[in-house]
Amino acid sequence: MMTVKERYEAAREMYKNMGVDTDEALKALKAIPVSMHCWQGDDVVGFDGAGALSGGIQTTGDYPGRARTPEELMADMDKALSLIPGRHRINLHASYAIFQKGEEVDRDKIEPKHFKKWVEFARERGLGIDFNPTCFSHPKAANGTLSSEDPKIRRFWIDHCIACLKISEYIAAELDNPVTMNIWIPDGFKDIPGDRKAPRARLKDSLDQILACGYDKSKVYAAVESKVFGIGMESCTVGSHEFYMNYAAKHDILCLLDNGHYHPTEVVSDKISSMLLFFDKVALHVTRSVRWDSDHVVLFDDETKEIAKEIVRNGADRVLLALDFFDAGINRISAWVTGMRNMQKALLFALLQPNEELAKLQEERNFTRLMMVMEELKCYPFGDVWDYFCQINGVPVREAWFEQVMEYERDVLSRRRKKEHIRKKEHIRRNER
Ligand code: RNT
Ligand code: ZN
């Protein structure tokens, strides 16, 4: 049997004949951070006492082992990160604020100190942090947030977003690493609205007020995330693509494109190059939508590969790359590891294309050869290069990571379930008494 290194060396020669430098590709891949979303670990529940997930997004499934505390979530993220090659970022929501006993405040009053533990977590591991206001799963989000017709509700969410900008600024300063702060709101209408303009005008005004709070643009990259529809908001989403793209362009902030948020045959891979001709950077939520914005785990599939090609060809430093999925039906750590590694595989696949040569073939309108090269490359020993990347970055090669996740499930995750069962039983008994 050939060793991983021997397989890599053979692959390197094959790619070389196609004009691809695999050593360069590995170096480039290592330099691309992916922001791993904390919310896959606990089904988007958070720690601020939110009840059920709301806002037209949904987790389904009841796999044992959901993280219920900051300690559990951090331990689970550590486990996942230990199986993912390279150094990355973590993506937090405001609802993951960590309060001391008696220190709990509502979302409009959260402060940097509530994220100190996350900053310590990131600093110790050399990770960057990204941040998001949480404008859902809250009693005040039942009928709209930043576009609400109720001035008090609108004020609350404006204050929340301002608090989040301040927290993002603090995190960026502490880690000496810019934070992408992405605003997504669920506001919209189930049925045909009587007025589409007024809510959008209010959203515009809310964003103006938020951005006017004065924050350091070199530290915080503010972004806005559009959506085509959500559950219960099928007819109109206030924060639509046109709305945010125009807003971002005029106010010099960024757009975040979530590839689950467009019409089913519309692809984000085709949008990146256009965005980058008009914006300095673009932010992404890579996800997988199955028939709707279902937020399935990212696979090594065609659209993920196509998105990765655009990242690589347009300059990875201009794309703020984050994942966004939540599957409660499978082991949550496995979901993270699968999604993160697949994103990286897609990036490596893109880096292993003779991209300059392909562009040249297109300029020459040699579409015959262009197709041939792209198709033949699909059967090149990509897996041997990926395995070597995992090996030199000290993480398990191929499926070897999975045994570690299963061990963790046996030793840690399955016990959480038992504890939860016992607690539930005690609760029932107490109520029966
Ligand atoms: C919802 C958006 C949003 C959320 C996360 C939790 O449709 O995609 O990004 O998934 O912020
Ligand atoms: Zn998203």
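Structural notes, computed from the coordinates.

About the thresholds
Residues numbered from 1 in each chain as written. Chains lettered and ligands numbered in written order. Predicted model: local features only at pLDDT ≥ 70, side-chain atom pairs only at ≥ 80, totals over all residues. Heavy atoms only, no water. Helix = DSSP H or I, 4+ residues; strand = E, 2+ residues; numbered from the N terminus. Rg over C-alpha atoms; globule rule 2.2 N^0.38 Å. Buried < 20%, exposed > 50% of the residue type's maximum accessible area, 1.4 Å probe, protein only. Contact = heavy atoms within 4.5 Å. Areas by Shrake-Rupley, 256 points an atom, 1.4 Å probe, with all protein chains shown as cover. Lys, Arg positive; Asp, Glu negative; His and termini not counted. Charge placed at Lys NZ, Arg CZ, Asp CG, Glu CD. Near = heavy atom within 4 Å. Polar contact = N/O pair within 3.5 Å; in protein donor to acceptor, adjacent residues only side chain to side chain. Nonpolar A, V, L, I, M, F, W, Y, C, P; charged D, E, K, R; others polar. Donors = N, O, S within 2.8 Å, 3.2 Å for Na, K, Ca; no water. Tetrahedral: all angles 85-135°; square planar, octahedral: opposite > 155°, others 65-115°. Salt bridge = Lys/Arg side-chain N within 4 Å of Asp/Glu carboxyl O.

**Structural notes on the overall build of the chain**
Part 1 of the argument: Looking only at helices and strands, one finds 14 helices and 12 strands in the chain.
Part 2 of the argument: What you see for the chain is a C-alpha radius of gyration of 22 Å, in line with the 22 Å of a compact globule of 433 residues.
Part 3 of the argument: Once the C-alpha set of the chain is aligned to its principal axes, its extents read approximately 70 × 55 × 40 Å.
Part 4 of the argument: Burial analysis of the chain (433 residues in total) assigns 54% to the buried set.
Part 5 of the argument: Here the contacts in the chain between residues at least 6 apart in sequence split such that 79% fall between residues at least 24 apart.
Part 6 of the argument: Of the roughly 20100 Å² of accessible surface on the chain, 52% is carried by carbon and sulfur atoms.
Part 7 of the argument: When the 62 basic and 68 acidic side-chain charges of the chain are each reduced to a single mean position, those positions are 4 Å apart.

**Observations regarding the site of ligand 1**
Part 1 of the argument: Surveying the vicinity of ligand 1 reveals the residues Trp39, Ile57, His93, Trp184, Glu225, Lys227, Asp258, His261, His285, Asp293, Asp324 and Phe326.
Part 2 of the argument: With respect to ligand 1, the side chain of glutamate 225 contributes an N or O atom lying 2.8 Å from an oxygen atom.
Part 3 of the argument: Here an oxygen atom of ligand 1 sits 3.4 Å away from a polar atom, N or O, in the side chain of aspartate 293.
Part 4 of the argument: For ligand 1, the accessible surface in isolation is 300 Å², of which the surrounding protein chains cover 99%.
Part 5 of the argument: In the shell around ligand 1, the residues fall into 4 nonpolar, 3 polar and 5 charged.

**Details of the coordination of the zinc ion (ligand 2)**
Part 1 of the argument: Donor atoms from the polypeptide that coordinate the zinc ion (ligand 2) comprise Glu225 (OE), Asp258 (OD), His285 (ND1) and Asp324 (OD), at 2.1 to 2.2 Å from the metal.
Part 2 of the argument: For the zinc ion (ligand 2), the 6 donor atoms in the first shell make angles of 72 to 171 degrees at the metal, a pattern classed as octahedral.
Part 3 of the argument: Each donor residue of the zinc ion (ligand 2) belongs to the same chain, with the gaps between them written as E-x32-D-x26-H-x38-D. Here histidine 285, found in strand 9 (residues 282-286), pairs with aspartate 324, found in the loop between strand 12 (319-323) and helix 10 (332-351); they are 39 residues apart in sequence, far enough to count as distant. Take histidine 285 and aspartate 324: they sit in the same class, and that class is buried.

**Digging into the pattern of salt bridges**
Part 1 of the argument: For the structure on display, the rule yields 30 salt bridges.
Part 2 of the argument: A salt bridge links lysine 109 to aspartate 108; the nearest nitrogen and oxygen atoms lie 3.4 Å apart.
Part 3 of the argument: When its relative accessible area of 51% is taken as the criterion, lysine 109 is described as exposed.
Part 4 of the argument: Aspartate 108 gets classed as buried once you look at its relative accessible area, which sits at 19%.
Part 5 of the argument: One salt-bridge network, held together by shared partners, links Arg7, Asp384, Asp387 and Arg398.

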